[in-house]
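Breakdown of the fold
What follows is each chain in one-letter form.
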Amino acid sequence: MGFEDFHRRSLQDRDAFWTEQAALIDWQTPFTQVCDHSNPPFARWFVGGTTNLCHNAVDRHAATHPDRQALIWVSTEVGQEIVYTFAELQAEVERMSAILLSLGVQQGDRVLVYMPMIPEAAFAMLACARIGALHSVVFGGFASVSLASRIDDAQPTVVVSADAGSRGGKVVPYKGLLDEAIRLSSHKPAHVLMVNRGLSDMPMQAGRDVDYAGLRQAHLNAQVPCVWVESTHPSYTLYTSGTTGKPKGVQRDTGGYAVALAASMKHIFLGQPGETYFSTSDIGWVVGHSYIIYGPLIAGMATLMYEGLPTRPDAAVWWSLVERYRVTSMFSAPTAVRVLKKQDPAALSRHDLSSLRALFLAGEPLDEPTAKWIAEALGKPIIDNYWQTETGWPILSLCNGVESADSKFGSPGKAVYGYDVKLVDENTGQDLVGPDKKGVVVIEGPLPPGCMQTVWRDDERFIKTYWSSIPGRQVYSTFDWGIRDKDGYFFILGRTDDVINVAGHRLGTREIEESISSHPNVAEVAVVGVADQLKGQVAMAFAILKDVSRAADDASALKLEGEIMKVVEAL
Ligand code: PRX
């Protein structure tokens, strides 16, 4: 079946299509209804079915291939590499699950994860899925003010964190930021579970803070079965930015997400059991959730989790990992490619990259010079794909697992199966038919499996934000401008709202403004996105200070405090 037929069938024969995809995962109880769309725009997928994300990502592979590699952790920051087999990963996740249960975490509770890219972060996420708790991962570089607003919204029972992260050899202490965030927040978590990496001081608050190493030892032989949850049971929330300062908790289900990821590994990312997947993202972002943790593992692949910069010790570091671990699919962002090209364009040629099937790039527009350079240097397909935190997996892409298609420079491809993507006039709400017309990229409901269920604890905001911005109709707005050519290839032209994109990272200017405003010497601040050759955009802050004589000192303090700076510095 060709791509067009596959896409058409996914919409016209929706239930049969998704029933076939649902066979890619294990169900404890079969579902009785494929999609309940009786209360639009809400969609409930695989109603009546029970399953578990951790079972599908870990246990089922540990049962059949216990010695296969599952999690490969490489840190060029601390000079360490650890490989966990599926059996070992399951044991670690069971220990973490037992610890969380011992700290009072119950099904449906939230666990906030504020962690660097270390294996324990993956254990924590998978353990939450195992026991039916929701993880809410907050990017490890975020400032206290942003972290506090997320703590207040998620109201976690437990926060899992570590003494510090490390960027480019510089230790970034987390505990102080976390303590300050909890001081600022109205909600107080019952416990803080701390992983001590020995990088930074970690003062413990008696009664609240507990040490992971000791508890792990106490639960070394823990056996904690997976809790079978309804397909519609939320698996996690992940905060993302929009036009207001208040971040939105994107809520994801369980069964729909597992099916969507399993299908995407087959049709888009071309992953086979026993192979190795390397996504260079961070667990704090949606790409990390879907394609460092759940997607590859659900497919029975090893996932390579990397802590460090792409350029340290040199610009060949990622390519050396591809060679050493025989990576078959790699996922990164255009900014990283631009950085590598600038640093050492010949680095690729020094490594055997024959294992690689394709390089996937997403998160920001892929410009033609970058696309051309990497395509030539690598000699493999470069698959640009377009999606959002809200959708959890690609909206636009080529699907070479269905039918090989040529890419077009500047385009992330065509509408992916399951997505009824349209372009509409922002004033009239009319469909723009015919090629090369600029409009807002929208999706007709129901959104396919795996996409956001709602805004955490705020159904109204879900409807108001995403489904009410186009006059006269209820469609999901991506808040991106786009055009479509005569062959059905889309081109993304930028956001319709205040969101900016720094090095593939989505940031809300309003939230950065709030973060900077919390500084005692700032009277007023405005943040705008400015075009940047390397990072796509950078944020520029214009601040009016209360005491101008302190400008020089405060500028450096703000640079450290503002989360945007952390993100920029990370690359
Ligand atoms: O503006 C689009 C841009 O990034 C936004 C979503 O960012 P985030 O929620 O962080 O999810 C990233 C998931 C990959 C989109 O609304 N964007 C994402 N991918 C592309 C893109 N812009 C152009 N081309 C892409 N491939």
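Here's a quick rundown of the structure. (Residues numbered from 1 in each chain as written. Predicted model: local features only at pLDDT ≥ 70, side-chain atom pairs only at ≥ 80, totals over all residues. Heavy atoms only, no water.)

**A word on the overall build of the chain**
Selection criterion: Each helix is a run of H or I in the DSSP string that is no shorter than four residues. Each strand is a run of E no shorter than two, and both are numbered from the N terminus. Values of the radius of gyration come from C-alpha atoms, whereas the globule rule sets the reference at 2.2 Å times the count of residues to the power 0.38. Exposure is judged per residue with a 1.4 Å probe applied to protein chains only, and the accessible area is read against the type maximum: over 50% gives exposed, under 20% gives buried, and values in between give partly exposed. Residue contacts are defined here by distance: any two heavy atoms, one from each residue, within 4.5 Å place the two residues in contact. For the accessible areas, the method is Shrake-Rupley and the probe is 1.4 Å, while residue cover comes only from the protein chains on display.
Across its full length, the chain holds 17 helices and 31 strands. Over its C-alpha atoms the chain spans a radius of gyration of 22 Å, differing by no more than 12% from the 25 Å that the globule rule assigns to 571 residues. When the backbone C-alpha atoms are referred to their principal axes, the chain occupies close to 60 × 60 × 55 Å. Looking at the chain residue by residue over its 571 residues, the buried ones come to 61%. For the chain, the share of sequence-separated contacts (at least 6 apart) that also reach a separation of at least 24 residues comes to 70%. Of the roughly 20,700 Å² of accessible surface on the chain, a fraction of 51% belongs to carbon and sulfur atoms.

**Considering the site of the ligand**
What counts is decided by this rule: A single heavy atom is enough: if one lies within 4 Å of a molecule or strand, its residue is considered near that molecule or strand. Polar contact is the term for a pair of N or O atoms within 3.5 Å; when the atoms are in protein, one must be able to donate a hydrogen and the other to accept it, and sequence-neighboring residues count only if both atoms are side-chain atoms. By the convention adopted, Pro, Cys, Tyr, Trp, Phe, Met, Ile, Leu, Val and Ala count as nonpolar, Lys, Arg, Asp and Glu as charged, and the other residues, Gly among them, as polar.
Not every one of the 17 residues close to the ligand is listed here, only the nearest: Asn385, Thr389, Asp480, Arg495 and Arg506. Within the side chain of Asp384, an N or O atom sits 2.8 Å from a nitrogen atom of the ligand. Those elements giving two or more residues to the shell around the ligand turn out to be helix 10 (286-298), strand 20 (382-385) and strand 27 (490-495). In terms of residue class, the shell around the ligand is made up of 7 nonpolar, 5 polar and 5 charged.

**Observations concerning the pattern of salt bridges**
Any two side chains of opposite charge can pair, on the condition that their charged atoms come close. Short version of the rule: When a carboxyl oxygen of Asp or Glu lies within 4 Å of a side-chain nitrogen of Lys or Arg, that pair is called a salt bridge.
If you walk through the whole model with that rule in mind, you get 34 salt bridges. Asp5 is paired through a salt bridge with Arg8; the nearest N and O atoms lie 2.9 Å apart. Taken together, the residues span about one helical turn, with Asp5 and Arg8 both in helix 1 (residues 3-12) at a distance of 3 residues. In this structure, Glu390 engages Arg506 in a salt bridge whose closest nitrogen and oxygen atoms are separated by 2.9 Å. You can see Glu390 sitting in the loop between strand 20 and strand 21 (396-397) and its partner Arg506 sitting in strand 29 (residues 505-508), a full 116 residues away along the chain. Across the pair, exposure class does not vary: Glu390 and Arg506 are buried alike. A single network of salt bridges, built from pairs that share partners, joins Lys175, Asp179, Arg208 and Asp209.

**Quick notes on the packing of helix 2 (residues 14-22) against helix 9 (residues 255-267)**
The following threshold applies: In this analysis an axis means a line fitted to C-alpha atoms, helices contributing only their contacting stretch, and an angle means the value between N-to-C directions, from 0 to 180 degrees. Oblique is the label for any angle not covered by the other classes, which are roughly parallel (under 35 degrees), roughly antiparallel (over 145) and roughly perpendicular (65 to 115).
Where helix 2 meets helix 9, the axes come as close as 9 Å, and the angle between the chain directions of the two elements is 85°. One finds that helix 2 runs roughly perpendicular with respect to helix 9. Counting all contacts with helix 2, which are made through Trp18, Gln21 and Ala22, the residues of helix 9 involved are Val259, Ala263 and His267. Class assignment of the residues belonging to the contact of helix 2 with helix 9 gives a composition of 4 nonpolar, 2 polar and no charged.

**A closer look at the sheet that holds strand 5 (residues 80-85)**
Worth spelling out the cut-off: A pair of strands counts as paired when DSSP detects no fewer than two bridges linking them.
The strand order 5-4-17-16-18-19-20 describes an open sheet built from 7 strands, whose pairing is mixed. Looking at which strands have only one partner, the edges of the open sheet turn out to be strand 5 and strand 20. Across this sheet, the average inter-strand angle for adjacent strands is 20°, counted without regard to direction. Note: strand 4 (residues 69-75) against strand 5, 6 bridges, orientation antiparallel. Each residue of the ladder has a partner; that of Ile72, found in strand 5, is Val83. Running at roughly 155° to strand 18 (residues 327-332), helix 11 (residues 317-325) makes contact with strand 4, strand 5, strand 16 (276-279), strand 17 (302-307) and strand 18 of the sheet.

**A look at the packing of aromatic side chains**
To keep it simple, the criterion reads: Two rings from Phe, Tyr or Trp (for Trp, the six-membered ring) form a pair when their centres sit within 6.5 Å of each other. Planes less than 30 degrees apart are called stacked, planes more than 60 degrees apart edge-to-face, and all others tilted. Look at NZ for Lys and CZ for Arg. If either is within 6 Å of the ring centre and within 35 degrees of the ring normal, a charge sits over the ring.
Overall, the coordinates contain 37 aromatic pairs when judged by the stated rule. Measuring from centroid to centroid gives 6.3 Å for Phe142 and Trp285, while their planes differ by 80°, and the two rings are edge-to-face. Taken together, the positions of Phe142 in the loop between strand 7 (134-137) and helix 6 (144-154) and Trp285 in the loop between strand 16 and helix 10 put the pair 143 residues apart, joining distant regions of the chain. The class of Trp285 is buried, set by a relative accessible area of 15%. Seen from their ring centres, Tyr466 and Tyr476 are 5.4 Å apart, and the 15° between their planes marks the pair as stacked. Of this pair, Tyr466 sits in helix 14 (residues 459-467) while Tyr476 sits in strand 26 (residues 476-484); the two residues are 10 residues apart in sequence, bridging distant segments of the chain. The exposure classification of Tyr466 matches that of Tyr476, with both residues buried. An aromatic cluster of three or more residues is present, and its members are Phe6, Phe17, Trp18, Trp27, Phe31, Trp45, Phe46, Trp393, Tyr417 and Tyr419. For the cation-ring pair, Lys408 lies above Tyr489, with the distance from its terminal atom to the ring centre recorded as 4.7 Å.

**Brief notes about the packing of helix 3 (residues 53-64) against helix 4 (residues 86-102)**
Two quantities define a packed helix pair, namely the angle between the helix axes and the distance between the axes. Heads up, the rule is: Two helices cross in a left-handed way if the nearer one is turned anticlockwise from the farther one by less than a right angle. They cross in a right-handed way if the turn is clockwise.
Helix 4 packs onto helix 3 with a crossing angle of 130° between their chain directions and a minimal axis gap of 8 Å. One finds that helix 3 runs oblique with respect to helix 4. Considering only the axes of helix 3 and helix 4, their crossing is left-handed. On helix 4, the residues touching Cys54, Ala57, Val58, Asp59, His61 and Ala62 of helix 3 are Phe86, Ala87, Leu89, Gln90 and Val93.

**A look at the sheet that holds strand 24 (residues 439-443)**
In space, the 4 strands of this open sheet follow the order 23-24-26-27, with antiparallel pairing throughout. Lying at the two open borders of the sheet, with one neighbouring strand each, are strand 23 (421-424) and strand 27. Across the sheet, the mean angle from the axis of one strand to that of its neighbour is 45°, orientation sign disregarded. The sheet contact formed by strand 24 and strand 26 spans 4 bridges and is antiparallel. Its bridge partner being in strand 26, Val440 is matched across the sheet by Trp481.

**Topic: the environment of Val111**
Topologically, Val111 is positioned in strand 6 (residues 110-114). With 11 residues separating them in the primary sequence, Val111 and Leu100 have C-alpha atoms 8.8 Å apart. Setting aside anything within four residues of it in sequence, one finds Val111 in contact with Leu100, Val105, Cys128, Ala133, Leu134, His135, Ser136, Pro156, Val158 and Val160.

**What about the nonpolar core?**
Applicable threshold: For our purposes a nonpolar core is just a set of buried Ala, Val, Leu, Ile, Met, Phe, Trp, Tyr and Cys residues, chained together by side-chain atoms within 4.5 Å.
Counting 119 residues, the largest nonpolar core has Leu100 and Tyr294 as the members making the most contacts within it. Here the element with the most residues in this core is helix 5 (residues 119-131); it accounts for 10 residues.

The quantities given are spatial measurements derived from coordinates; they are silent on function.
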